[in-house]
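In case you want the letters, here they are:
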Amino acid sequence: GWSQYPKARLLKPLQAASTLMPTRKLANPLWAFAFPTIGAALTIIAAVVAAAAARRLHRHHRRGLCRSRSPAGTFTLGYWDIRGLAAPARMMLAYRGAAFEDRTYSLQPQEDGGWGAPAWFDTDRPPLRERNAFINLPYLVDHESGIVVSQSTALYQFLGRKLGLMGENEAERAATEQTLAQAFDLRNECVRVVYPFAGTSAERFSAALAKHLRAVAAPSAAYDRFSRFLGDKPFFVGSRPTAGDFHIWEMLDQHELMASSAGLPSPLEAHPTLRAFHARLRALPQLQLYFDSEAAHLPCNNRMAHFR
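Residues numbered from 1 in each chain as written. Predicted model: local features only at pLDDT ≥ 70, side-chain atom pairs only at ≥ 80, totals over all residues. Heavy atoms only, no water.

**Q** Before we move on, could you go through the overall build of the chain and cite the residues and values that matter?
**A** What the chain contains, in helices and strands, is 11 helices and 6 strands. A buried classification covers 43% of the 308 residues belonging to the chain. The long-range share in the chain, meaning contacts at least 24 apart out of those at least 6 apart in sequence, stands at 66%. Within the structure as shown, the chain displays about 16600 Å² of accessible surface, and the carbon and sulfur contribution to it stands at 56%. (Helix = DSSP H or I, 4+ residues; strand = E, 2+ residues; numbered from the N terminus. Buried < 20%, exposed > 50% of the residue type's maximum accessible area, 1.4 Å probe, protein only. Contact = heavy atoms within 4.5 Å. Areas by Shrake-Rupley, 256 points an atom, 1.4 Å probe, with all protein chains shown as cover.)

As structure tokens, this is what we get:
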């Protein structure tokens, strides 16, 4: 972790200590013995001070994670047993190699025709609500700080700051926040189609899906805005992924799966730079363990959805 800091920054205390060392031979043999001993002690003290300073810099500027004393890992991420809103967070954590517990909850049909999840509503939610009145799924527990975060975009931004995935300056942070918001706009459009809550019945789903896929790929629509914002950059903010890239990738991938399941053309066909971005992030070595895991192959949506 210290390799990112200039050596001069660490050597300054040592150089300062060396100026206290005598530069000429002393006549008194006792002083001749004492000064090297004092000098050695000062050198050791300076080295300790330099190491402490480097550790403080590392904590402040780190791009990875501190080790956690929690047996569950550095984080606990809680969500339904689907990709949904947790997939971008899972990818962010996997990309940084962070230790985390992926706690999932299953919806079960109830006799009254509704859905229940006792493990969430009766067991885990009450104590979490004591720590955060906004608690919902997904949620994130940071075991290092004790902070509990809910609300999807707030969770992505919190993780982005912890993992160094929010950009390197004010302009990049603003770009990352915008990509997160734009991805969520597309998600909201998708939810209105795949879930029955907005009035899309099972009988009307096929037609509604075809219309939605045409709409997102149309000029000046979602994919066109993504393409123009991406431009010729490898990722949406620059040469490396930031938090927004993972959410946009997830939405692009879900749309590819929906189009394939319905036998419809890929909405990426008319957007080659966006298609290249989708392939580029999928090929990142840091994400291969995630893509090979069970979490990456969970259903996209919950049990009441027309497309899972």
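**Q** Can you lay out the sheet that holds strand E6 (residues 148-150) for me, pointing to particular residues and giving the numbers?
**A** The strand order across the open sheet formed by 4 strands is E2-E1-E5-E6, and the pairing between neighbours is mixed. With partners counted over all chains shown, the strands left at the sheet margins are strand E2 (100-105) and E6, one partner each. On average, adjacent strands in this sheet sit at an angle of 15 degrees to one another, irrespective of strand direction. With 4 bridges joining them, strand E1 (residues 75-80) and strand E5 (residues 139-142) adopt antiparallel strand pairing. Counterpart to Gly 78 in the pairing with E5 is Tyr 139. Against the sheet, helix H3 (residues 87-95) engages E1 and E2, with an angle of about 155 degrees to E1. Most of the contacts of helix H4 (residues 118-131) go to E5, to which it runs at about 55 degrees, and overall it touches E1, E2, E5 and E6. (Pairing = 2+ DSSP bridges. Axes fitted to C-alpha atoms, helices over the stretch in contact; angles between N-to-C directions.)

**Q** Which residues make up the nonpolar core, and what values go with them?
**A** Trp 80, Trp 120, Leu 159, Tyr 223, Phe 277 and Leu 281 are the most contacted members of the largest nonpolar core, which has 71 residues in total. If we ignore the near neighbours within four places in the chain, the residues touching Leu 281 are Met 91, Phe 235, Asp 245, Phe 246, Trp 249, Leu 287 and Phe 291. (Core = buried A, V, L, I, M, F, W, Y, C linked by side-chain atoms within 4.5 Å.)

**Q** Kindly report on the packing of aromatic side chains, identifying the contributing residues and their values.
**A** Scanning all chains against the criterion turns up 11 aromatic pairs. Here the aromatic rings of Tyr 105 and Trp 120 are separated by 5.3 Å at their centres, their planes lie at 55 degrees, and the arrangement is tilted. Of this pair, Tyr 105 sits in strand E2 while Trp 120 sits in helix H4, placing them 15 residues apart in sequence. Relative accessible area serves as the criterion here: at 2%, Trp 120 is assigned to the buried category. (Phe/Tyr/Trp six-rings, centres within 6.5 Å; stacked < 30°, edge-to-face > 60°.)

Keep in mind these values describe shape, not function.
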